[in-house]
Amino acid sequence: MSNANLKVTEVAGLSNNDWQARKEDAVPRGQGNIAPVYVERAAGSELWDVEGRRYIDFGSGIAVCSAGHCHPKITAAVAEQLQKFSHTCVMVTPYDSSVRLAEKLNELVPGPSKKKSIFVTTGAEAIENAVKIARAHTGRRGVIAFNGGFHGRTMLAMGLTGKITPYKNLFGPFPAELYHAPFPIEYHGISVEDSLKGLDNLFKADVAPSDVAAIIVEPVQGEGGFYPAPVGFLQQLRALCDEHGILLVVDEIQTGFARTGKMFCSEYAGIEADLMTMAKGMANGFPIAAVVGKADIMDAPLPGGLGGTYAGSPLGCVASLAMIDVIDEENLVDAANHVGKLFNSRLETLQAKFPSNIGQLRTSHGAMMAMELVKDGDSEQPDAELTKALVGRAYQNGLALLNCGSRGNVIRFLPALNISDTLINEGMDILEKCLQELV
Ligand SMILES: Cc1ncc(COP(=O)(O)O)c(C=O)c1O
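Note that this is a predicted model, so its numbers are computed, not measured.

A. Fine view of the site of the ligand. Around the ligand, the structure places T122, G123, A124, F150, H151, G152, E218, D251, I253, Q254 and K280. With respect to the ligand, the backbone of G123 contributes an N or O atom lying 2.8 Å from an oxygen atom. Here an oxygen atom of the ligand and a backbone polar atom of A124 are 2.8 Å apart. For the ligand, the accessible surface in isolation is 390 Å², of which the surrounding protein chains cover 83%. In terms of residue class, the shell around the ligand is made up of 3 nonpolar, 5 polar and 3 charged.

Okay, structure coming up:
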């Protein structure tokens with residue numbers, strides 16, 4: 001049967017490959033998918049595809065469903081809201097959940113300053129708004145981000161992203177006044193001092209610190225390869241920003257909401273961000289994002305300068321309020337640390353078995369874990385082919401896995417924080433078997 005003959009309503013009995021063929025015919029190649037696995041339903045830390053095959057989920061939709069798929073409390077909150085109304089537009093006739101969520105986040109985000117929150121829909125939009133707010137507050141234009149950082153796919157967020165392929169290729173020119181400094185990664189020979197020197201060089205060669213509105217940093221680089229920013233580096237960035245009147249924007253879009261074993265990852269460094277961006281794990285799968293920041297800074301844009309038709313959707317607001325309750329009631333912060341410890345012990349055993357393939361494990365930050373695959377145990381010989389093959393084979397064996405990394409050679413593990421030990425061990429057994437078969 002040719003694709004052209006398929007009716008859009010025809011769904012029963014089609015295989016993953018059928019759907020992949022239809023997708024490739026209907027959707028541009030620019031939006032890829034890691035595996036030709038079409039999900040029919042999901043619960044907790046398991047997915048089932050249209051062919052009835054089961055997968056253990058080590059990715060949570062890229063760090064989104066941190067309380068597990070279809071968490072009953074969050075599903076019930078959204079279902080109840082759906083019976084009342086799904087949209088009125090927060091900029092027209094607002095609703096109490098948007099105020100309650102702002103109050104809650106203002107309380108949760110670290111630091112003594114009074115905070116305010118604005119809601120949008122995606123992580124990239126949160127980044128865009130953080131830059132708008134920083135520019136409005138400082139009257140400056142420059143923004144500094146880091147090599148290997150990922151901040152989203154809209155024009156400004158993409159400009160801030162520090163990875164060319166596939167995010168920036170073919171899409172320039174990017175907005176002006178965006179700069180990049182080296183990110184400290186000891187494993188690749190870049191020290192905190194190198195990074196600070198890079199910033200100093202920027203100030204000497206490209207932009208005066210007095211023209212810089214913000215420095216934006218991920219406390220653990222996500223897409224770039226799961227490299228944690230050393231605590232001392234974040235503290236020195238805080239001091240540098242204070243010295244020059246620059247705002248520190250902490251991008252917690254992937255690290256926030258208990259993922260790293262703290263409610264927000266910047267708590268490890270004990271720093272207060274001027275502005276924090278968040279999304280993903282915020283509402284367990286319902287699209288909402290936020291900028292939370294010091295109240296005087298947040299109030300810089302003029303009335304009407306911030307917002308969006310779907311900004312702070314009531315469905316996202318109630319989902320996020322329920323998610324915050326679940327983090328508290330089910331102690332997901334401790335759960336993230338427990339998951340991290342179990343993964344660490346399994347990954348250490350794996351590394352001992354495959355020392356020339358697994359160059360480095362990164363398991364210091366709760367349930368945001370990774371292994372970097374190399375050749376001959378050499379950090380400068382990334383093994384992107386093995387990484388790709390391992391991910392593909394994992395799906396064939398019932399394990400949903402994600403890769404990342406500027407060099408394409410990192411496997412990242414982002415399971416739900418309440419995943420059971422049994423499922424972790426079952427998933428790790430699959431991973432080990434796949435690696436064994438490939439090397
Ligand atoms: C750290 C970070 N910032 C920003 C984004 C962009 O978020 P979104 O894809 O919701 O636009 C992401 C997404 O992966 C992210 O990990």
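B. Expanded view of a nonpolar patch on the surface. Residues M155, L170 and F171 make up a contiguous nonpolar surface patch of about 360 Å² in total accessible area. The topology assignment puts M155 in helix α6 (residues 155-160). Assessed through its relative accessible area of 41%, M155 is described here as partly exposed.

C. Quick peek at the sheet that holds strand β6 (residues 178-181). Reading across from one edge, β4-β12-β11-β10-β7-β5-β6 is the order of the 7 strands in this open sheet, with mixed pairing throughout. Here the strands that pair on one side only, and so sit at the sheet edges, are β4 (115-120) and β6. Geometrically, the sheet is characterised by an average inter-axis angle of 20 degrees between neighbouring strands, direction not taken into account. Two strands pair when backbone bridges link them, and strand β10 (residues 247-251) and strand β11 (residues 275-278) are joined in this way by 3 bridges, in the parallel orientation. When the bridges of β11 are listed, V249 appears paired with L275. Where helix α7 (residues 192-205) meets the sheet, it contacts β5 (142-146), β6 and β7 (212-217), and its direction lies at approximately 155 degrees from that of β5. Packed onto the sheet, helix α8 (residues 231-244) meets β5, β7, β10 and β12 (289-294) and runs at close to 170 degrees relative to β7.

D. Spotlight on the layout of surface pockets. Here the second largest pocket defines a volume of roughly 290 Å³. In terms of lining, the second largest pocket is formed by 14 residues, of which the most central are Q81, K84, S97, R100 and V318. Every element with two or more residues in the lining of the second largest pocket is listed here: α3 (72-84), α4 (96-108) and α10 (314-329). At 5 residues, the largest contribution of residues to the lining of the second largest pocket is made by α3. Each residue belonging to the lining of the second largest pocket can be placed in one class, and the counts come to 6 nonpolar, 2 polar and 6 charged.

E. Representation of α10 within the structure. Here α10 contains 16 residues, and its C-alpha end-to-end distance of 22 Å stays within 8% of the 22 Å for a straight helix at 1.5 Å per residue. Counting buried positions over the 16 residues of α10 gives 13, a clear majority of the element. Between the side-chain oxygen of the N-cap and the backbone nitrogen of L315 there are 3.1 Å, and the N-cap of α10 in question is S313. Count one or two residues on from α10 and you reach N331, which has phi positive near 45 degrees.

F. Quick peek at the packing of aromatic side chains. In total, this model carries 10 aromatic pairs according to the counting rule given. Here F85 and Y95 contribute two aromatic rings whose centre-to-centre distance is 5.6 Å and whose plane-to-plane angle is 55 degrees, an arrangement assigned as tilted. A residue pair is termed long-range when its members are at least 10 positions apart, and F85 in the loop between α3 and α4 and Y95 in the loop between α3 and α4 qualify at 10 residues. Ring centres 6.2 Å apart and planes at 80 degrees place the aromatic pair F183 and F233 in the edge-to-face group. Of this pair, F183 sits in the loop between β6 and α7 while F233 sits in helix α8, placing them 50 residues apart in sequence. The exposure class assigned to F233 is buried, which follows from its relative accessible area of 0%. Chaining the aromatic ring pairs together yields one cluster made of F58, F343 and F413. The ring of W48 is capped by R41, whose NZ or CZ atom sits 4.2 Å from the centre of that ring.

About the cut-offs
Residues numbered from 1 in each chain as written. Predicted model: local features only at pLDDT ≥ 70, side-chain atom pairs only at ≥ 80, totals over all residues. Heavy atoms only, no water. Near = heavy atom within 4 Å. Polar contact = N/O pair within 3.5 Å; in protein donor to acceptor, adjacent residues only side chain to side chain. Areas by Shrake-Rupley, 256 points an atom, 1.4 Å probe, with all protein chains shown as cover. Nonpolar A, V, L, I, M, F, W, Y, C, P; charged D, E, K, R; others polar. Patch = residues over 30% accessible without salt bridge, like charges linked within 9 Å, V, L, I, M, F, W, Y side chains within 5 Å. Salt bridge = Lys/Arg side-chain N within 4 Å of Asp/Glu carboxyl O. Helix = DSSP H or I, 4+ residues; strand = E, 2+ residues; numbered from the N terminus. Buried < 20%, exposed > 50% of the residue type's maximum accessible area, 1.4 Å probe, protein only. Pairing = 2+ DSSP bridges. Axes fitted to C-alpha atoms, helices over the stretch in contact; angles between N-to-C directions. Contact = heavy atoms within 4.5 Å. 1 Å grid on protein atoms, 1.4 Å probe; cavity = no way out; pocket = protein on both sides within 12 Å on 5 of 7 lines; lining within 4 Å. Points joined across faces, edges and corners; volume = space filled by probe spheres on them. Expected span 1.5 Å × (residues − 1). Phe/Tyr/Trp six-rings, centres within 6.5 Å; stacked < 30°, edge-to-face > 60°. Lys NZ or Arg CZ within 6 Å of the ring centre and 35° of its normal.

Any link to function would need more than the numbers given here.
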